[in-house]
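A look at the structure
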Amino acid sequence: MAEEELIKIGNIIIKYTFVIFFIICLPLFPQTSITAKFSDEKIGVGEVFSLSVTINNNSGRVTVPDIDGFTLRGTSQSVNMMYSSGSFKTIKTYTYTYVANKEGIYNIDNIRVRVNNNTYVANPVKIEVIDGPVRNRDDNYTPNGNQFEDFMNYGDDIYVDNIINKKEVYLYEPIYITQKAYVHVPVNVLGFSKIPDRTDFISYSETSEYNSFTEIIDGKRVSAIPLKTEVLYPVKTGDKRILTTPFVFEKEGRFVFNERVEYGEDEFVIKVLPLPDRKGFDNFSGAVGNFDFNTKVNKTNVSVGEEVLITMEVTGEGNTSIITMPKINDNITNYFSVYQPKVYETNWFDGKKMMGRKVKEYVLVAKDEGSSIISNINFCYFSPNDKSYTNIYSKPINLTISGTKQNLNSFINNNGEEINVIPIKNALIKEDKVFKIFNMKIVYLYIIILIALSVIIYNHNKFDKLKLLFANIKKDKHSETDDILKYYNENNRKEYCRLIENSLTNTIKK
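Now for a look at the structure at hand. Keep in mind that this is a model prediction, so the values were computed, not measured.

Inspection of the entire model under this criterion finds 14 salt bridges. Residue Glu230 pairs with Arg198 through a salt bridge whose shortest N-O separation is 3.0 Å. Residue Glu230 is found in strand β17 (residues 220–234), and its partner Arg198 is found in the loop between β14 (187–192) and β15 (201–207); the two are separated by 32 residues along the sequence. Across the salt bridge formed by Glu345 and Lys358, the nearest N and O atoms sit 3.8 Å from each other. Taken together, the residues Glu345 in strand β27 (residues 342–350) and Lys358 in strand β28 (residues 353–366) connect sequence positions 13 residues apart. Residue Lys358 is classed as buried on the basis of its relative accessible area of 6%. Several salt bridges converge on common partners, so that one network encompasses Arg198, Lys228 and Glu230.

Glancing now at the sheet that holds strand β31 (residues 388–393). As a general point, the strands of a sheet are linked pairwise by backbone hydrogen bonds and lie either parallel or antiparallel. The strand order across the open sheet formed by 3 strands is β22-β30-β31, and the pairing between neighbours is mixed. Edge positions in the open sheet fall to β22 (284–288) and β31, since each of these has one partner strand only. This sheet shows a mean twist of 35° between the axes of neighbouring strands, independent of strand direction. Relative to strand β30 (residues 378–383), β22 is paired through 3 bridges, and the arrangement is parallel. Bridging across to β30, Phe284 finds its partner in Cys380.

Below, the discussion takes up the packing of aromatic side chains. Considering all chains together, one arrives at 21 aromatic pairs under this definition. In textbook terms, an aromatic cluster arises when at least three aromatic residues are bridged by ring pairs, as seen for Phe38, Phe49, Phe70, Tyr98 and Tyr106. The lysine or arginine in question, Lys228, covers the ring of Phe192, its NZ or CZ lying 5.9 Å from the ring centre.

This part takes up the sheet that holds strand β9 (residues 118–121). Overall, antiparallel pairing links the 3 strands, which are arranged β4-β8-β9 in an open sheet. Unpaired on one side and paired on the other, β4 (61–63) and β9 mark the two borders of the sheet. Neighbour-to-neighbour, the strand axes of the sheet open up by a mean angle of 25°, direction not taken into account. Sheet topology places β4 next to strand β8 (residues 112–115); 3 bridges connect them, and they run antiparallel. Note on β8: the bridge partner recorded for Arg61 is Arg114.

The rules behind these values
- Residues numbered from 1 in each chain as written.
- Predicted model: local features only at pLDDT ≥ 70, side-chain atom pairs only at ≥ 80, totals over all residues.
- Heavy atoms only, no water.
- Salt bridge = Lys/Arg side-chain N within 4 Å of Asp/Glu carboxyl O.
- Helix = DSSP H or I, 4+ residues; strand = E, 2+ residues; numbered from the N terminus.
- Buried < 20%, exposed > 50% of the residue type's maximum accessible area, 1.4 Å probe, protein only.
- Pairing = 2+ DSSP bridges.
- Axes fitted to C-alpha atoms, helices over the stretch in contact; angles between N-to-C directions.
- Phe/Tyr/Trp six-rings, centres within 6.5 Å; stacked < 30°, edge-to-face > 60°.
- Lys NZ or Arg CZ within 6 Å of the ring centre and 35° of its normal.

Rendered as structure tokens:
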């Protein structure tokens, strides 16, 4: 009975040891954060808007409650990777597209996300719906043309509308292509049949989950299915052909078989213009679009040996992957040691636009006393709308370094006398440290001790048997030896030989 109790205690210790180990190591893993955001603060009745739920460092199941006054038109999701501080972070965004049906102020505070058997509640969000229109008429776009008219007159069951925002662009300027299906009959979108050639472009795309919603066009009710949003950045000048993505649809048949058809492939011809002469803008970064630039520092007053973090950030509509970030001025090395900078970036769809963010971080270590100014940091980009280059200058950063620079070869004692110090290389110097009961190294030692104790308790019966075996062997060995010596001293040859023979036989068997 006592043996069973000890085994139970050992199992419990092992279980709780691993639980404690997991809790201790939990801060070492990336933490999950949930953010909800509406695309607009104010919207008009009948206009389209979106709700985005972003999950950092994880993916999960999002539950958005039904909202009286909104009609869900479709959902989509996208995944972005961001490099920061030597590691990659995953950002997954779930987007819900709605149409506002009636006026009011809507507060949504019960958006829930299920991640790894844990339920998170996102931050509350608010949007106001008013009677009059808020957006421009461009947002209320409806297709046109003979093919669409034929579809609306039931000449065909499916029509795919391909929209391109521009047919003449500058090098690296974003081109947006949107594909959307209109149907009269129930269909399933099976996906695309092939991937178009994008040799002369940098391409990003966002594919929806092919959820249908109802639109009323010219008084007629029709089902619409968002298919794909794509942004292309041309990397070569000249006339370029762009093929759109063909999609496979499956019509629900009336009898046994469903009919599969393909729609969506179309061709656009665009003209890519070279960028204007860069005279006077030799610092051009390669960015084409509309951007903001700012520089910040974590502290301006430091002592010799302290670190300073300088961060440069570019955000805006455009491709950040081709951007060359600016450098800090060289004279900073008079007072600071400059380490190799880190650069990371991310891109995401914000409504109909592709947004980008690129960050460059410098770590400086103060090495001499004095004052230094970091100035003339500027970011140059080309604006297609203005057809001109623009320089954005950051504000000067004034740094003050205080303290006395230490000489590695000598020190001054309390009497003002210089003491020669011999540099020690490749030597381990043990220093006194305050013992902390929750120091990570000590905690790991606790865990190892608990595991060892658990193993000993769990296997104590085996150790007892082994100990008994050794005791018996020792006992037998000592008793035989005593008898052999006894018969030897008594000159009892017969018994002496018998014991020697038995001892040898037992030894051979063992």
